[in-house]
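# A look at the structure
Read off the chains here:
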Amino acid sequence: MVQSMKRYVGNVGNTTLTVLKGLRVTLINLFRTPITIQYPEVDIRQKDLKAFGYKGPLGPLPDRFRGFLHVNPEICIACDLCMKACPIDCIRIESTKIDKTTIQGKDGKAVNKVKHPVRFDIHLGKCMYCGLCVEPCPTGAISFSKEFEGATSTLNTLVVHFAEPKGLPVREATIL
Amino acid sequence: MEIFLQEGLVLLKAALWAVALSLVMALVAGFLTYLERKVAGHMQARLGPNRVGPYGLLQFVADGVKLFLKEDLIPSDADAPLFRFGPYLVFVGSFAVFAVLPFGERIVATDLNIGLFYVLAITSIETVGLLMAGWASNNKWALLGAMRSAAQSISYEIPVGVSFLIPIVLAGSMSLQGIIHAQAGGFGLLGWNVFHNPFSLAAFFVGCTAMVAEINRTPFDLPEAESELVAGYNTEYSGMRFAFFFLAEYANIFVISMIAAAIFLGGWQLPSPFKDILPFGLVGSFVLLAKAAVLVFIVLWLRWTLPRVRVDQLMEVCWKYLTPMALVCLMGTAVWMWAFPGRIFFGLFGTA
Ligand code: SF4
Ligand code: SF4
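Residues numbered from 1 in each chain as written. Chains lettered and ligands numbered in written order. Predicted model: local features only at pLDDT ≥ 70, side-chain atom pairs only at ≥ 80, totals over all residues. Heavy atoms only, no water.

Next up on the list: the packing of aromatic side chains. This structure, assessed with the given rule, holds 21 aromatic pairs over all chains. Geometrically, the ring pair formed by F65 of chain A and F148 of chain A is edge-to-face, given 6.1 Å between the ring centres and 75° between the ring planes. Within this pair, whereas F65 of chain A is found in the loop between helix 1 (2-30) and strand 1 (69-71), its partner F148 of chain A is found in the loop between strand 4 (142-144) and strand 5 (159-163), the two being separated by 83 residues in sequence. Judged by its relative accessible area of 26%, F65 of chain A falls in the partly exposed class. Aromatic pair W192 of chain B and F195 of chain B: ring centres 5.7 Å apart, planes at 5°, arrangement stacked. Residue classification places F195 of chain B among the partly exposed residues on the basis of a relative accessible area of 22%. Linked through ring pairs, Y88, F91, F95, F98, F244 and F254 of chain B together constitute an aromatic cluster. (Phe/Tyr/Trp six-rings, centres within 6.5 Å; stacked < 30°, edge-to-face > 60°. Helix = DSSP H or I, 4+ residues; strand = E, 2+ residues; numbered from the N terminus. Buried < 20%, exposed > 50% of the residue type's maximum accessible area, 1.4 Å probe, protein only.)

Sheet strands pair by backbone hydrogen bonding; their relative direction is either parallel or antiparallel. Residue and element names in this part refer to chain A. Read from one edge to the other, the open sheet built from 3 strands follows the order 2-3-5, with strand pairing classed as antiparallel. Two strands lie at the open edges of the sheet, namely strand 2 (91-104) and strand 5, each paired on one side alone. For this sheet the average axis-to-axis angle between neighbouring strands, irrespective of direction, equals 25°. Across 4 bridges, the pairing between strand 3 (residues 110-123) and strand 5 is antiparallel. Among the inter-strand pairings, H123 is bridged to a residue of strand 5, identified as V159. (Pairing = 2+ DSSP bridges. Axes fitted to C-alpha atoms, helices over the stretch in contact; angles between N-to-C directions.)

Neighbouring ligand 2 are 14 residues, the closest being C76, C79, D80, C82 and C137 of chain A. When the residues that make up the shell around ligand 2 are grouped by side-chain class, the tally is 12 nonpolar, 1 polar and 1 charged. (Near = heavy atom within 4 Å. Nonpolar A, V, L, I, M, F, W, Y, C, P; charged D, E, K, R; others polar.)

Attention now goes to the pairing of strand 2 of chain A. All names here are of chain A. Summarising the sheet, strand 2 and strand 3 pair through 11 bridges and their orientation is antiparallel. From the neighbouring strand, K97 faces strand 3, where its bridge partner is K115. Linking two consecutive strands that pair antiparallel, namely strand 2 and strand 3, is a turn of 5 residues; a positive phi of about 95° is found at G108 within it.

With that out of the way, let us pick up the layout of surface pockets. In this structure, the largest pocket encloses a volume near 1,300 Å³. Together, 37 residues line the largest pocket, and T15, T16 and V19 of chain A together with F205 and T209 of chain B are the ones closest to its centre. At the level of elements, helix 1 of chain A together with helix 7 (198-214), helix 9 (239-263), helix 11 (282-303) and helix 12 (311-339) of chain B are the ones that each hand at least two residues to the lining of the largest pocket. Among the elements that line the lining of the largest pocket, the one with the most residues is helix 1 of chain A, at 9 residues. Along the lines of polarity and charge, the residues of the lining of the largest pocket split into 27 nonpolar, 8 polar and 2 charged. As a volume, the second largest pocket reaches approximately 940 Å³. The wall of the second largest pocket is formed by 38 residues, among which T33, L67, F242, F246 and L247 of chain B lie closest to the centre. For the lining of the second largest pocket, the elements supplying multiple residues, two or more each, are helix 1 (2-43), helix 2 (59-69) and helix 9 of chain B. Of all the elements, helix 9 of chain B adds the most residues to the lining of the second largest pocket, at 9 residues. (1 Å grid on protein atoms, 1.4 Å probe; cavity = no way out; pocket = protein on both sides within 12 Å on 5 of 7 lines; lining within 4 Å. Points joined across faces, edges and corners; volume = space filled by probe spheres on them.)

What describes two packed helices is the angle between their axes and the distance between those same axes. Residue and element names in this part refer to chain B. It is the contact of helix 5 (residues 140-171) with helix 7, at a shortest axis distance of 8 Å, that shows an interaxial angle of 150°. With respect to the hand of their crossing, helix 5 and helix 7 are arranged in left-handed fashion. On helix 7, the residues that touch Q152, S153, Y156, E157, P159, V160, S163, F164, I166 and L170 of helix 5 are S200, A203, G207, A210, M211, A213 and E214. (Left-handed = near helix turned anticlockwise from the far one by under 90°. Contact = heavy atoms within 4.5 Å.)

Right, let's get into a nonpolar patch on the surface. Residues and elements named next belong to chain B. A contiguous nonpolar patch, built from F31, Y55, L57, L58, V61, V65, F68, L69 and M240 and spanning about 900 Å² of accessible area, is present on the exposed surface. Of all the elements, helix 2 adds the most residues to the nonpolar patch, at 4 residues. By the secondary structure assignment, F68 is in helix 2. (Patch = residues over 30% accessible without salt bridge, like charges linked within 9 Å, V, L, I, M, F, W, Y side chains within 5 Å. Areas by Shrake-Rupley, 256 points an atom, 1.4 Å probe, with all protein chains shown as cover. Salt bridge = Lys/Arg side-chain N within 4 Å of Asp/Glu carboxyl O.)

What follows is about the packing of helix 1 of chain B against helix 2 of chain B. Residues and elements named next belong to chain B. As a packed pair, helix 1 and helix 2 sit with axes 8 Å apart at the nearest point and diverge in direction by 110°. On the basis of the axis angle, helix 1 is roughly perpendicular to helix 2. Handedness of the helix 1/helix 2 crossing: right-handed. Residues L27, G30, F31, T33 and R37 of helix 1 lie in contact with helix 2, whose contacting residues are Q59, F60 and D63. Of the residues assigned to the contact of helix 1 with helix 2, the class counts are 3 nonpolar, 3 polar and 2 charged. (Parallel < 35°, antiparallel > 145°, perpendicular 65-115°, else oblique.)

A few words on the environment of A136 of chain B. Residues and elements named next belong to chain B. By secondary structure assignment, the location of A136 is in helix 4 (residues 115-137). Each C-alpha atom of the pair A136 and H196 lies 47 Å from the other, and the pair is 60 residues apart in sequence. Apart from the residues within four sequence positions on either side, A136 is in contact with A78, D79, L82 and F83.

Within chain B, residue pLDDT values average 85, and 97% of them lie at 70 or more. Under the prediction, the complex receives an ipTM of 0.77, its pTM being 0.80. (pLDDT = per-residue confidence, 0-100.)

Here you go:
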């Protein structure tokens with residue numbers, strides 16, 4: 001009898017205490033600075049989010065962020081390494097022979113350039129941002145940008161042409 | 001002729017009150033949905049709604065318009081008349097309480113002499129509505145939710161009723177205004193029923209817990225338990241009918257807070273110098289609303305703190321804990337009134 005009375009009162013006390021403990025936790029969190037980044041207003045591609053009035057603890061996009069691929073055709077030597085590395089074949093390169101020039105390579109060594117890409121298409125709708133194309137590139141011509149806004153109503157606009165043959169009309173986008 | 005005129009005036013007055021109260025209910029319930037999302041957001045380090053209107057204040061208007069424009073769906077196997085009728089019954093059960101809610105010393109639609117009894121009785125209609133909705137949906141989730149809601153409301157009616165008895169005993173009146181009048185004295189604070197004696201203090205917490213359970217709020221939200229029953233009794237509802245459920249649910253939070261503030265926390269009682277600053281006892285109204293707002297916040301706060309209890313725990317809390325405790329409080333209060341007649345604030349002060 002005494003035992004069960006004790007348990008009864010203990011249960012009531014325990015409930016009250018634990019509820020109060022829980023309420024304390026949520027109350028503390030209520031006054032925490034919200035972590036939400038108001039995305040279109042706060043441009044997370046910029047370095048300084050505080051300039052947009054963001055007060056939370058999150059930082060901008062990290063340096064290794066994998067956005068859309070970007071290609072600089074001027075330093076691309078059309079070696080096709082990226083095209084071959086891509087597991088889902090979403091890169092297409094066509095090239096033409098040019099007079100030999102040298103390009104500064106990724107590791108600092110000079111790289112000979114004897115070919116120039118006349119067509120460099122990447123289907124960003126198919127790309128899975130694995131980075132396998134970025135790694136083998138000897139010149140760093142292909143790299144990830146921080147751009148990620150790809151919403152579109154036609155799939156073809158996601159096929160990006162980084163090189164177009166000079167003097168020729170812009171080719172119709174083809175799904176690779 | 002004269003009698004018709006009088007009748008007409010009475011009817012007109014009733015109609016005006018009904019319109020005003022339904023506006024109040026819609027606004028309060030709408031604002032509460034906004035507030036709940038805002039509180040939930042900030043407790044989870046988010047922002048909550050902040051796109052529609054300043055600070056997202058018009059979010060509920062947008063939601064309402066959206067629900068209003070939705071397709072009116074009735075499942076083909078549902079019992080259509082009952083399915084249609086259920087939400088209105090739930091809505092009426094909640095709305096009818098507004099008729100006796102004292103918004104101020106002189107602002108009340110009707111001060112029934114059995115006010116609290118009426119509140120207890122009319123809110124039971126909601127259970128019928130929920131049961132109807134769940135049954136008519138012809139859906140296992142809905143039926144289970146409705147059954148739970150019936151079991152829950154019937155059980156929790158008892159601790160709520162018994163803890164309502166304590167202010168009734170203290171005031172010797174069932175009218176909400178009468179109970180508030182009885183809490184006069186002590187600078188509008190010491191006279192509160194909750195401070196009358198230790199038993200009434202306990203009864204306040206017992207009653208509030210039971211009321212939270214009766215309106216199916218978390219941690220007692222088993223009838224809609226999202227993780228188990230999809231959405232419980234309103235699984236099959238959408239559009240306007242769903243909006244009625246929603247409206248009633250949020251209006252109920254306001255209703256229980258107002259009632260608790262009125263019968264335990266002194267209602268619109270104020271120290272006499274402040275009473276007549278504004279006409280119609282408006283200062284008192286603000287005080288009452290502020291008390292209710294605090295209670296509303298606590299209800300929201302609880303929801304985002306506590307996990308849902310199990311069905312057996314739910315029944316255990318009601319029958320093994322709240323009901324006996326409420327009964328003890330009732331008897332204790334009665335004995336206290338006999339031992340320390342005419343004294344307030346734990347028997348420390350005499351009534352003025
Ligand atoms: S990131 Fe991966 S999927 Fe995308 S183009 Fe490069 S290799 Fe192909
Ligand atoms: S690996 Fe680099 S250099 Fe070679 S084709 Fe691709 S982008 Fe051009």
